[in-house]
Amino acid sequence: EIVPDAYDILEAEVGLYQPWETWWDEQQCKADGIYLGAGTYSYGGEVKIRKPDSVPLYYHFIQLRKKALDTVMERLPGDPGALVCSISYGYKGDLSDQLKENFRVAGIYHLLAVSGLHVGLVAQAFWGLLLMLKVNRRLAAVLAAGAVVFFMALTGFSPSVMRAGIMCVVYFGGLALRREADSLNSLGFALLVMTVASPFAAGDVGLLLSAGSTGGLLLILPGFNKLLVSALCVTFAATLPTLPILAVVMRRISLAAPLCNLLAVFPASVMMAMGCLVLPLSFSPFAGPLIRGLLFLAGIIARYLTGLVNLVASWEFAAVSVNELYVVRWILAELPVLYA
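Keep in mind the model is a prediction, meaning the values are calculated, not measured.

With respect to the overall build of the chain
- Secondary structure assignment for the chain yields 14 helices and six strands.
- A total of 340 residues make up the chain; the buried ones form 41% of that total.
- Side chains of the chain carry 23 positive and 23 negative charges; the gap between the two charge centres is 13 Å.

See the structure below:
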């Protein structure tokens, strides 16, 4: 019955426990900054909520995110709205467990976590808008980097979005200083910054998948023959390094992932853009019809994605189970490919 606000102080007699069961669960919890869980010591125990004397700046980003989520769910309830919130703002709390499982089977669960795809879209959109407005390129680079940091804060500073965000900031910093940023160095620098700040970030599955797919695009994709279908090459290069991670964490590999990525990434990107536009429009008293129109279209795409993953999940061989020996063999097989 008690719903505390961010940074509220709760006072109660509680019992502490470790909020994980498996080793991977433990790594993920610690990567998220969660080290202990707490529950009231006795059933119906008294819980008091006290407001803090002051709140940090990040509190206001949390409130902005909450405003966006409430606006989406109010006009687009159920799984379609929850899917828009997840892909646009990285909030998966309202998604049904079955839908999450179907996204895993289809091999496109990464779309539900804000990562390089989302950050890249925001960065390029803002950068292109500034150039269209004839803003000085160096100033535009600084402003675009600021927009990326704002988006990182809005989506919760998750490790996967931090990786992409730092790389974008390095890239725009190079433009502002009239220097060219090296992609591999930028990736390494982003991971170094994150793991120095929190070594447990290395246990975040989203970060591992994000860094693995980015590394695949940088190391594997250039080696493909230009005569091959580019979309298939990109999908293969981004997917190959992540397979051992998926095998270790989820104990299975999605055979449908290449096809589903081809069918889902572009629609999900369009839906993400529509969802992100909801926040600035929600501050205008005259934007109601436009918000409803955007969310109507976003809802159509959300239902398409839901139908796609539900269909794929019904296939008998959409995903196969794997074991630890497979993972060892796969890593050994990948090494010559990565360093060829």
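Overview of a nonpolar patch on the surface
- Judged by side-chain polarity, Leu259, Leu262, Leu263, Tyr304, Leu311 and Trp315 come together as a nonpolar surface patch covering roughly 540 Å² of accessible area.
- Contributions of two or more residues to the nonpolar patch are made by helix H12 (257-281) and helix H13 (288-313).
- The leading source of residues in the nonpolar patch is H12, at three residues.
- You can call Leu263 partly exposed: its relative accessible area is 35%.

What to know about the packing of helix H8 (residues 183-197) against helix H9 (residues 205-219)
- Following both chains from N to C, one finds H8 and H9 inclined at 165°, their axes separated by 10 Å at the closest point. It follows that H8 is roughly antiparallel to H9 by the angle criterion. Where H8 crosses over H9, the handedness of that crossing is left-handed. Packed against H8, whose contacting residues are Ser183, Leu184, Leu187, Leu191 and Met194, the element H9 presents Leu207, Ala211, Thr214, Gly215, Leu218 and Leu219 at the interface.
- The residue makeup of the contact of H8 with H9, split by class, is eight nonpolar, three polar and no charged.

Looking at the side chain of Thr306
- For Thr306, the location among the structural elements is in helix H13.
- Sequence-distant contacts of Thr306, that is, excluding residues within four places in its chain, are made with Leu83 and Leu99.

Remarks on the confidence of the model for the chain
- When the pLDDT values of the chain are averaged, the result is 85; 92% of them are 70 or greater.
- Taking the mean pLDDT of every element in the chain, the minimum, 60, falls on helix H14 (residues 324-338) and the maximum, 94, on H13.

Remarks on helix H6 (residues 137-154)
- Over its 18 residues, H6 extends 25 Å from the first C-alpha to the last, a length consistent with the 26 Å expected when each residue adds 1.5 Å.
- Turning to H6, its buried residues are Ala140, Ala141, Ala144, Ala145, Ala147, Val148, Phe151, Met152, Ala153 and Leu154.
- Where H6 is buried, its residues meet helix H2 (58-75), helix H3 (78-89), helix H5 (116-132), helix H7 (159-176) and H12.
- For H6, the N-terminal capping position is held by Asn136, with its side-chain oxygen 2.9 Å away from the main-chain nitrogen of Arg138.
- Gly156 lies just past H6 and shows a positive phi near 95°.

Examining the packing of H2 against H3
- Orientation of H2 relative to H3, taken along the N-to-C sense of each, is 150°, at an axis distance of 9 Å. Accordingly, the angle class assigned to the pair H2 and H3 is roughly antiparallel. When you trace H2 past H3, the crossing you get is right-handed. Residues Arg65, Ala68, Leu69, Val72 and Met73 of H2 pack against Gly78, Gly81, Ala82, Val84, Cys85 and Tyr89 of H3.
- The residue makeup of the contact of H2 with H3, split by class, is eight nonpolar, two polar and one charged.

Regarding the environment of Pro289
- Positionally, Pro289 belongs in helix H13.
- Relative accessible area serves as the criterion here: at 55%, Pro289 is assigned to the exposed category.
- Along the chain, Pro289 and Asp32 lie 257 residues apart, while their C-alpha atoms are 38 Å from each other.

So, the state of the cysteines
- Considering all chains together, one arrives at zero disulfides under this definition.
- The closest cysteine sulfur to the non-disulfide-bonded Cys276 is located on Cys85, 11 Å from its own sulfur.

With respect to H8
- When the terminal C-alpha atoms of H8 are compared, their 21 Å separation across 15 residues agrees well with the 21 Å that a helix rising 1.5 Å per residue should span.
- Here H8 has its buried residues at Ser186, Leu187, Ala190 and Met194. Across the axial projection of H8, the buried residues extend over an arc of 100°, all falling on one side. Facing away from the buried surface of H8 by more than 90 degrees, the exposed residues are Asn185, Leu192 and Val196.
- Where H8 is buried, its residues contact H7 and H9.
- Sitting at the head of H8, Asp182 places a side-chain oxygen 3.3 Å from the backbone nitrogen of Leu184.

Conventions used here
Residues numbered from 1 in each chain as written. Predicted model: local features only at pLDDT ≥ 70, side-chain atom pairs only at ≥ 80, totals over all residues. Heavy atoms only, no water. Helix = DSSP H or I, 4+ residues; strand = E, 2+ residues; numbered from the N terminus. Buried < 20%, exposed > 50% of the residue type's maximum accessible area, 1.4 Å probe, protein only. Lys, Arg positive; Asp, Glu negative; His and termini not counted. Charge placed at Lys NZ, Arg CZ, Asp CG, Glu CD. Patch = residues over 30% accessible without salt bridge, like charges linked within 9 Å, V, L, I, M, F, W, Y side chains within 5 Å. Areas by Shrake-Rupley, 256 points an atom, 1.4 Å probe, with all protein chains shown as cover. Salt bridge = Lys/Arg side-chain N within 4 Å of Asp/Glu carboxyl O. Axes fitted to C-alpha atoms, helices over the stretch in contact; angles between N-to-C directions. Parallel < 35°, antiparallel > 145°, perpendicular 65-115°, else oblique. Left-handed = near helix turned anticlockwise from the far one by under 90°. Contact = heavy atoms within 4.5 Å. Nonpolar A, V, L, I, M, F, W, Y, C, P; charged D, E, K, R; others polar. pLDDT = per-residue confidence, 0-100. Expected span 1.5 Å × (residues − 1). Polar contact = N/O pair within 3.5 Å; in protein donor to acceptor, adjacent residues only side chain to side chain. Disulfide = S-S within 2.5 Å. Arc of directions from axis to C-beta.

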